Protein chains: 2
Amino acid sequence: MEDTRQTGNLALTRVEQVMQALRERIASRALAVGARVPSIRTMSEQLGVSKSTVVEAYERLVAEGTLIARRGSGFFVAGHALPGANGTYGAFAARGLPGPRFDREIDPLWLTRQSLETDARALRPGCGWLPASWLPQDAVRRALRAIARDPHAQLTDYASPLGLPALRQQLAWRLAQHGVEAAPEQIVLTDGGSQALDLLCRFLLEPGDTVVVDDPCYFNFQALLRVHRVKVVSVPYTPAGPDLAAFERVLAEHRPRLYVTNSAIHNPTGATLAPTVAHRLLKLAEEHNLLIVEDDIFADFETDPAPRLAAFDGLARVVAIGSFSKTMTAAARCGYIAARADWIEPLVDLKLSVSFGNGELAADLVQRLLVDGTYRRYLDGLRAKLADAMGDTLRRLASAGVTAWTRPQAGMLLWAQLPDGLDAARVAREALAHGVVLAPGNVFSVSRNAGSFLRFNVSQCNRPKVYETLQRAMERATEAKAEPA
Amino acid sequence: MEDTRQTGNLALTRVEQVMQALRERIASRALAVGARVPSIRTMSEQLGVSKSTVVEAYERLVAEGTLIARRGSGFFVAGHALPGANGTYGAFAARGLPGPRFDREIDPLWLTRQSLETDARALRPGCGWLPASWLPQDAVRRALRAIARDPHAQLTDYASPLGLPALRQQLAWRLAQHGVEAAPEQIVLTDGGSQALDLLCRFLLEPGDTVVVDDPCYFNFQALLRVHRVKVVSVPYTPAGPDLAAFERVLAEHRPRLYVTNSAIHNPTGATLAPTVAHRLLKLAEEHNLLIVEDDIFADFETDPAPRLAAFDGLARVVAIGSFSKTMTAAARCGYIAARADWIEPLVDLKLSVSFGNGELAADLVQRLLVDGTYRRYLDGLRAKLADAMGDTLRRLASAGVTAWTRPQAGMLLWAQLPDGLDAARVAREALAHGVVLAPGNVFSVSRNAGSFLRFNVSQCNRPKVYETLQRAMERATEAKAEPA
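In every chain, residue numbers begin from 1 and rise along the written sequence. Lettering of chains starts at A and numbering of ligands starts at 1, both following the order in which they are written. Note on the predicted model: pLDDT of at least 70 is required for a residue's local features to be given, and 80 or more for side-chain atom pairs to be given and counted; whole-chain, interface and lining totals, by contrast, use all residues. Remark: hydrogens and water are excluded; side-chain values derive from all non-hydrogen atoms of the structure.

Looking at an unreviewed UniProt entry, one finds chain A named PLP-dependent aminotransferase family protein and attributed to Paraburkholderia silviterrae. We quote the UniProt Sequence similarities (unreviewed entry) comment for chain A here in full: "In the C-terminal section; belongs to the class-I pyridoxal-phosphate-dependent aminotransferase family." UniProt positions are given in the numbering used here, feature names are shortened, and annotations may be inferred rather than shown by experiment.

Caption draft 1: Here's a closer look at the relation of the copies chain B and chain A. Least squares is the method for superposing the copies, and the C-alpha atoms it fits come from residues with pLDDT of at least 70 in both. You can overlay chain B on chain A at an RMSD of 0.2 Å; the transform is a turn of 180 degrees with a shift of 0.0 Å along its axis. When the rotation and shift are considered jointly, the pair of chain copies conforms to a two-fold rotation axis. The position closest to the rotation axis in chain B is occupied by the C-alpha of R145(B), lying 2.8 Å away.

Caption draft 2: Here's a closer look at the environment of W110(A). All names here are of chain A. One can find W110 in helix α5 (residues 108-117). Only protein chains enter the accessibility calculation, which uses a 1.4 Å probe. A residue is then buried if its area is under 20% of the maximum for its type, exposed if over 50%, and partly exposed in between. Classification of W110 by relative accessible area gives buried; the value is 2%. Along the chain, W110 and A439 lie 329 residues apart, while their C-alpha atoms are 9.6 Å from each other. Helix and strand definitions here come from DSSP, where helices need a minimum of 4 consecutive H or I residues and strands a minimum of 2 consecutive E residues; each element is numbered from the N-terminal end.

Caption draft 3: Spatial organisation of the pairing of strand β3 (residues 187-190) of chain B. All names here are of chain B. The alternating pattern of β3 places I187 and L189 on one face and V188 and T190 on the opposite face, and all of these are buried. With four bridges connecting them, β3 and strand β10 (residues 335-338) associate as antiparallel partners. Across the sheet, residue V188 finds its bridge partner in β10, namely I337. By the convention used here, strands pair only if DSSP detects at least 2 bridges between them.

Caption draft 4: Focus on the interface of chain B and chain A. Facing 89 residues of chain B, the contacting portion of chain A comprises 89 residues. Here the quantity called buried area is the accessible surface, traced with a 1.4 Å probe, that two parts lose on coming together, added over both. Taking both partners together, chain B and chain A bury about 7400 Å²; carbon and sulfur atoms supply 56% of that area. A per-residue breakdown of the area chain B buries against chain A is headed by T156(B), Y158(B) and F356(B), which together make up 10% of the total. Each salt bridge in this description consists of a side-chain nitrogen of Lys or Arg and a carboxyl oxygen of Asp or Glu lying within 4 Å of one another. Taken together, chain B and chain A are joined by six salt bridges. We call two N or O atoms a polar contact when they sit within 3.5 Å, provided that within protein one can donate a hydrogen and the other can accept it, with sequence-adjacent residues counted only if both atoms are side-chain atoms. Inspection of the chain B/chain A interface yields 36 residue pairs in polar contact (both at pLDDT 80 or more). Taken together, the elements giving at least two residues each to the side of chain B that touches chain A come down to α4 (90-96), α5 (108-117), α6 (137-149), α8 (193-204), α9 (219-227), α13 (341-355) and α14 (360-371) of chain B. Ranked by residue count, the leading element in the side of chain B that touches chain A is α13(B), at eleven residues. Residue contacts are counted whenever heavy atoms from the two residues lie within 4.5 Å of one another.

Caption draft 5: The sheet that holds strand β7 (residues 258-261) of chain A, seen in detail. All names here are of chain A. Reading across the sheet, the eight strands line up as β3-β10-β9-β8-β7-β4-β5-β6 and stay open at both edges, with mixed pairing between neighbours. Only two strands of the sheet have a single partner each, and these edge strands are β3 (187-190) and β6 (241-242). Across the sheet, helix α13 (residues 341-355) is in contact with β3, β8 (291-295), β9 (318-323) and β10 (335-338); its angle to β3 comes to roughly 15 degrees. A fitted line through C-alpha atoms serves as each axis, taken over the contacting stretch for helices, and the angle formed by two N-to-C directions is quoted from 0 to 180°.

Caption draft 6: Representation of the pairing of β7(A) within the structure. Residue and element names in this part refer to chain A. Residues L258 and V260 point to one face of β7 and Y259 and T261 to the other, with burial holding for every one of them. With three bridges joining them, strand β4 (residues 210-215) and β7 adopt parallel strand pairing. Note on β7: the bridge partner recorded for V213 is V260. In this structure, β7 lies alongside β8, joined through four bridges in parallel fashion. Looking at β8, one finds that Y259 is bridged to I292. Looking down the strands as they point away from the viewer, one classifies a crossover as right-handed if the path from the first strand across the helix to the second runs clockwise. In this fold, the crossover linking β7 to β8 by way of helix α11 (residues 275-287) has right-handed handedness.

Caption draft 7: The arrangement of the pattern of salt bridges in detail. With the rule as written, the count across this model stands at 30 salt bridges over all chains. Among the ionic pairs, R229(A) bridges to E206(B), the shortest N-O distance being 2.9 Å. Taken together, the residues span two chains, with R229(A) in the loop between α9 (219-227) and β5 (231-238) and E206(B) in the loop between α8 and β4 (210-215).

Caption draft 8: Up close: the nonpolar core. Here, the term nonpolar core denotes a set of buried Ala, Val, Leu, Ile, Met, Phe, Trp, Tyr and Cys residues that are joined through side-chain atoms within 4.5 Å. Counting 307 residues, the largest nonpolar core has I337(A), F456(A), L470(A), I337(B), F456(B) and L470(B) as its most contacted members. Other than its neighbours up to four places away in sequence, I337(A) contacts Q186(A), I187(A), V188(A), T190(A), A196(A), L199(A), L200(A), V319(A), A320(A), I321(A) and L347(A).

Caption draft 9: The environment of A132(A), seen in detail. Relative to the assigned elements, A132(A) resides in the loop between α5 and α6 (137-149). Exposure remark for A132(A): the relative accessible area of 24% places this residue in the partly exposed category. Contacts of A132(A), omitting those with residues within four sequence positions, involve Q137(A), T156(B) and D157(B).

Caption draft 10: Looking closely at helix α7 (residues 165-177) of chain A. With 13 residues, α7(A) ought to run about 18 Å at 1.5 Å a step, and its terminal C-alpha atoms sit 19 Å apart, in line with that. Within two residues after α7(A), G179(A) carries a phi angle of roughly 80 degrees, on the positive side. By this rule, a helix spans an expected 1.5 Å times one less than how many residues it contains.

Caption draft 11: View of unusual backbone geometry. Of note, the bond from D215(A) into P216(A) is cis; its omega dihedral lies within 30 degrees of zero at 5 degrees. Here P216(A) is to be found in the loop between β4 and α9. Following N267(B), the chain continues into P268(B) via a peptide bond in cis, with omega recorded as 10 degrees. In this fold, P268(B) is placed in the loop between β7 (258-261) and α11 (275-287). Residue R229(B) is not a glycine yet carries a positive backbone phi of 55 degrees. Positive phi outside glycine occurs at N289(B), with the angle close to 50 degrees. Relative to the elements of secondary structure, N289(B) occurs in the loop between α11 and β8 (291-295).

Caption draft 12: Examining the packing of aromatic side chains more closely. Aromatic rings from Phe, Tyr and Trp, taking only the six-membered ring of Trp, are treated as a pair when their centres fall within 6.5 Å; an angle between ring planes under 30 degrees marks them as stacked, one over 60 as edge-to-face, and anything in between as tilted. Summed over all chains, the structure comprises 26 aromatic pairs over all chains. Here the aromatic rings of Y218(B) and F221(B) are separated by 5.1 Å at their centres, their planes lie at 80 degrees, and the arrangement is edge-to-face. Seen from their ring centres, F247(B) and Y259(B) are 4.8 Å apart, and the 80 degrees between their planes marks the pair as edge-to-face. With F247(B) in helix α10 (residues 244-254) and Y259(B) in strand β7, the pair connects residues that are twelve residues apart, well separated along the chain. Classification of F247(B) as buried rests on a relative accessible area of 1%. Chaining the aromatic ring pairs together yields one cluster made of Y218(A), F219(A), F221(A), W415(A), F444(A) and F453(A). Of note, K326(B) hangs over the ring of F356(A), and the distance from its end group to the ring centre comes to 5.9 Å. The ring centre of W134(B) lies 4.5 Å from the NZ or CZ of K385(B), which sits over that ring. Counting as a charge over the ring demands two things of the Lys NZ or Arg CZ atom: a distance within 6 Å of the ring centre and an angle within 35 degrees of the ring normal.

Listed below in structure tokens is the structure:
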């Protein structure tokens, strides 16, 4: 069997071409979860390769968890929940093996796992959050002490169905600062931003619906949408927002039900939505009866507030979600949904059904930090620190020959391209072996056209080792390209 | 239009008979979510009632959110996520109206909402948790202070994919006390027990699968399973566990994929699974390739440990879930899943996709309370207090003519029957108007055959007003039965 580690994406072997062809059919949903894949003979004829090549490709797709083999009946597309009829949990067991970890580098969950799991001494320029030392730990400590001291603190009971009224009032006020008019009764607290999006997907989508995301987009949108068994289509993102001509074509062709985006500071590009794009986007959404979830998780990083779709739209077809995991604490899970009034009751029923309510302690903690002036002062300091780190990272990457796609106005995210079409997945794999977690572009790209991009988190880029390791990994990737496959 | 408030369940009006017939077809999935219901003429002929009776029944089913009316095309079964094609969110909007609250008394979410929402002065003998004053508030306070003081406490970061190792070790040790062998690597932390069950349903079930529950069962199992679009069938529960003959018939007839139960202390009956029943149940499960989720949320209430299905089975086809919401705090959401080793990796992928991990602060809090001897001492005191409250409640209910179905060995739950076939929903509605939240039996019953039962929580039953209000509500219900419908 050939060694996949010696293969760059510009020189795919025949086996890899077959694997790639299959993966693309699955990504485009030409092959749905659970579907039988073409027989070995059919595939061999279709692609003009030998049967043994197809056999090896299918076996490797089974090993990485993309396909399931069922004895006597062929190969099938694995899903998140496809336990076999006889208790053989093939797709899942395969993922549990120590081997295939390095085959998962374009799986959105790979980055999550690497960022969360890798040993504490590793550097994480690819991860999506601030270092603990940049977060307001002392303010969190003070708030915990205040809760412990407060005789009226609610320490043991379930939250009310919508969640802590004082926090919903704070959130209504904060949303109003961005022009989003939402009464506290239109705000539902959740255990984090991902849960907020998950609830909305359950509420708004049916399996088989189509959802639009940006290309590139926050990688976990893809993982989450996959759980909902929807078809995902993508629209190229420009430094001013989604490409509107492409957006219109997608609307006409795919009739999607929902668009999921970050508009204030876009993940992974750090770009900001322009007001004219926002306006035209909403017009298109109206014409095509498209719903929008606007994930405003980076709101507090902004220096000059960008337009919000939810503000232009008045929460008619746009739902705003957010959380404090990025700027305050991710250890206390607290997010929110702000939506039109007539959606609240059924959304809350759904929330109670699947979680019995959000955590009141986390909500209380966030609420105390929001009313505490120290959070505002902390944010001022944080923004200045991030601006410095952004400038520094841009300079250091430029020296390494890595080009920023756009210069973000604020925040921690920077989207940058490797020179000479180098394979970012290859570079990331190399860097990981030396204790540096990078974020390869295709993790964020539904169309997989960001193979030479990396997402950097400037708050995690202040150590020389990041650039030394990146440089060395780029050299190795360049050498590998020169080698015969 | 007739007044529903004057109707007992033994004297259904024609309109209510039609409503009931429709609800039963929906509950049995003869009519699936989204399906068109029979036309008014067909239904009128089938049931031998006038068309105007059917019209009124359908209108009332729309008002309560069971059906959606689509102009020009008839009536359809509402789902949890069936927004109309033109942005008309009929089923949801209908639920948001102030009117139909009193029509929801056999909707499992009704009880959740009433318990969580009703004004703080209300008494809640029907709710499923301890009063705050019975919970270890001082221990929670101390643990919060300890976290705030601990320089190594993890106050701001995301949790690792499985969740806090120290808590998973504690849980492995605690499970071993009940004979359940689970390594810490087989334990996944969640934001509460409901999230644990929700993740497992996503992992194990496909829409259209069949799931068995006990009759009666914890009401939120029904609400949660409905979200997963599965068919729910039920098996009568006896004081020793599920009725095995009925269980076998259900297995043969419906070929269910999963059985969800509480076995240590059963909700709502307070009954305990007998070892022989547990053993025969597992044999049936093996023969029919049935998976089992055993929700062990009441573990710490037990005085004499009951058998665990997960212990007998060795986590082959049984998954154990639990949480500390009932005995410690529900304000910090923390639950767990203990499952076979080869399920863990895909379960964690699923958890990361939909929540990006559990709350570390809640896990840390629970962990500190578990290792703190005060929790063990608190539990000893709690069990004694509950035993007293159980005796007291049994005596007072007996004086009121309300009969216990079985005498629970431990815990807070008591399942009891009203005299003379009185309608518990009617009694609960009456009591609610006087500030007392009762739990009518049919909220817990898939077959709706528990119309004269109530679930009591003995920890919430120590005020004379509970019994006075119950007595008065029973009198009103008796009078209403005597009135012509």
